[in-house]
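# Residue-level structural notes
What follows is the residue order along each chain.
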Amino acid sequence: MASNDMHLIDHPAGPDEKLRLACEDLQMDRWLEARRLLRDTGDDWTLRTFRSQVLARGAANNRAIDAWCAEEPTDPDALMMRARVNTERVLNAHRGGVSGRALRRAVDAADAACQIAADWWPKDPVPPVCQLALAQTDTDETLPHNEVNWGRSSDATLPLGPWRLLDRAHRLDPYGREAHHRMLGVFHARGRGGLNFAHAVAYSAPEGSALHLLPLYAHVEAYQKKLQGRQTASVIGYWSSEDAALCAEQARYSWFEQTQPREDEPDPRSLLDLNYLAYALTVTGVGNAAEVFEAIGPYATLAPWAQVTPNYSWWQDEFRSARRKAMSDRSRR
């Protein structure tokens, strides 16, 4: 099949077939495959946080995880997944406009589930990651859900936030990807501090860390808000900045080039990260995105493509167009 005609696969599990099977099982209100998957995942924290997040999104609208907890009330994986699912339900309710006491009750219940999961497996970084996600709903400093969400950072240039929760997650899983993305989500929800935080994290992250891409996520969020507010006339008008180009170049060098898998190994890198990098390299004009698109293969992700197009239904066309340009640029070199 020609590269331009590639059939795109939009599924949160990507090429992870075991995760895909567990997701399908959960959709039918069955939890045995999810239990098997998490047992096999063990304490690979990067894989555990990713898989549990995808599973929770698929289980938030049914009772599969509730049934698992009822059947095995002391299973650490079941308790972790209950925290995950309750957190996902809170975020869905918040996005749907639920607020006030109803939201507070849901947040408190999810936070209690996180505490129970943490008590059963103290080394697991997922519970504090969930608590960081819950902090995204706590946007009013004058009426806080939890005082811990409005602490001060040791860096005076950064805004108030749930720094204690981030520190806890970082101690359990140093430079954990999702924890820092959740923290970025807190600042995005509050409308300030996101880009500064992302730059600070990327500056301190070790070579090969996916956190070198965090500024790209912050830039996409800022660009999307400008589009929604009709504050920018064109893509070029925003992405031509030196900072955006430098962030894309640094992410490619410090993450993508340092994490190439061997030919006989599966690629463990986040598909979302690969898609964000491919977009940023293309739109900033930095280029050299062909290898990134090859790593993506057919697994295009909704974000960032749907966030940066005027029409949501065009996102796959945006991906194909960027991929075609990257491949054409490489063939001319």
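A brief look at the structure comes next. Just so you know, these numbers come straight off a predicted model, no measurement behind them.

On a plain count of helices and strands, the protein comes out with 17 helices and 0 strands. Relative to the 2.2 N^0.38 estimate, which gives 20 Å for 333 residues, the radius of gyration of the protein is 20 Å and therefore close to what a compact globule would have. With respect to the principal axes defined by its C-alpha atoms, the protein has extents near 60 × 45 × 35 Å. A total of 333 residues make up the protein; the buried ones form 50% of that total. The contacts of the protein with a sequence gap of at least 6 include a subset with a gap of at least 24, amounting to 65%. Counting every atom, the protein has about 16400 Å² of accessible surface; 50% of that belongs to carbon and sulfur. Positive and negative side-chain charges of the protein, numbering 39 and 45 respectively, have mean locations separated by a distance of 4 Å.

Another point: the nonpolar core. Ranked by internal contacts, the top residues of the largest apolar core, which has 60 residues, are Phe197, Leu277 and Phe293. With 9 residues, the single largest contributor to this core is helix α14 (residues 271-284). In this structure, Phe293 is in contact with Ala278, Thr282, Trp305, Phe319, Ala322, Arg323, Ala326 and Met327, ignoring residues within four places of it in sequence. Of all hydrophobic cores here, the second largest spans 33 residues; its members include Cys23, Val54, Ala59 and Leu103.

Right, let's get into the packing of helix α1 (residues 17-27) against helix α2 (residues 32-41). Interhelical geometry of α1 versus α2 gives an angle of 150 degrees and a closest axis separation of 7 Å. With respect to their mutual orientation, α1 and α2 come out roughly antiparallel. As α1 runs across α2, the sense of the crossing is left-handed. Contacts between α1 and α2 involve Lys18, Leu19, Leu21, Ala22, Asp25 and Leu26 from the first element and Leu32, Glu33, Ala34 and Leu37 from the second. Within the contact of α1 with α2, the residues separate by chemical class into 7 nonpolar, no polar and 3 charged.

Let's shift gears to the state of the cysteines. Within this structure, the stated rule accounts for 0 disulfides. Looking at Cys23, it has no disulfide partner, and the nearest cysteine sulfur is the one in Cys130, 16 Å off. No disulfide involves Cys69; its nearest neighbouring cysteine sulfur is the one of Cys114, lying 12 Å away.

All right, on to the environment of Ala244 then. By the element assignment, Ala244 lies in helix α13 (residues 242-256). Owing to a relative accessible area of 0%, Ala244 belongs among the buried residues under this scheme.

With that settled, consider the side chain of Ser52. If you trace the backbone, Ser52 turns up in helix α3 (residues 45-59). Residue Ser52 is classed as buried on the basis of its relative accessible area, which comes to 0%. Not counting residues up to four positions away in its chain, the partners in contact with Ser52 are Met80, Met81, Arg84 and Val126.

Moving on, we come to the packing of helix α11 (residues 214-228) against α14. Close contact between α11 and α14 brings their axes to 10 Å; oriented N to C, the two are set at 65 degrees. In this structure, α11 meets α14 at a crossing whose hand is left-handed. Contact residues: α11 offers Leu216, Tyr217, Val220 and Tyr223, while α14 offers Leu272, Asp273, Tyr276, Leu277, Tyr279 and Ala280. Split by residue class, the contact of α11 with α14 holds 9 nonpolar, no polar and 1 charged.

Quick notes on the rules
Residues numbered from 1 in each chain as written. Predicted model: local features only at pLDDT ≥ 70, side-chain atom pairs only at ≥ 80, totals over all residues. Heavy atoms only, no water. Helix = DSSP H or I, 4+ residues; strand = E, 2+ residues; numbered from the N terminus. Rg over C-alpha atoms; globule rule 2.2 N^0.38 Å. Buried < 20%, exposed > 50% of the residue type's maximum accessible area, 1.4 Å probe, protein only. Contact = heavy atoms within 4.5 Å. Areas by Shrake-Rupley, 256 points an atom, 1.4 Å probe, with all protein chains shown as cover. Lys, Arg positive; Asp, Glu negative; His and termini not counted. Charge placed at Lys NZ, Arg CZ, Asp CG, Glu CD. Core = buried A, V, L, I, M, F, W, Y, C linked by side-chain atoms within 4.5 Å. Axes fitted to C-alpha atoms, helices over the stretch in contact; angles between N-to-C directions. Parallel < 35°, antiparallel > 145°, perpendicular 65-115°, else oblique. Left-handed = near helix turned anticlockwise from the far one by under 90°. Nonpolar A, V, L, I, M, F, W, Y, C, P; charged D, E, K, R; others polar. Disulfide = S-S within 2.5 Å.

Scope: geometric values only; no functional claims are made or implied.
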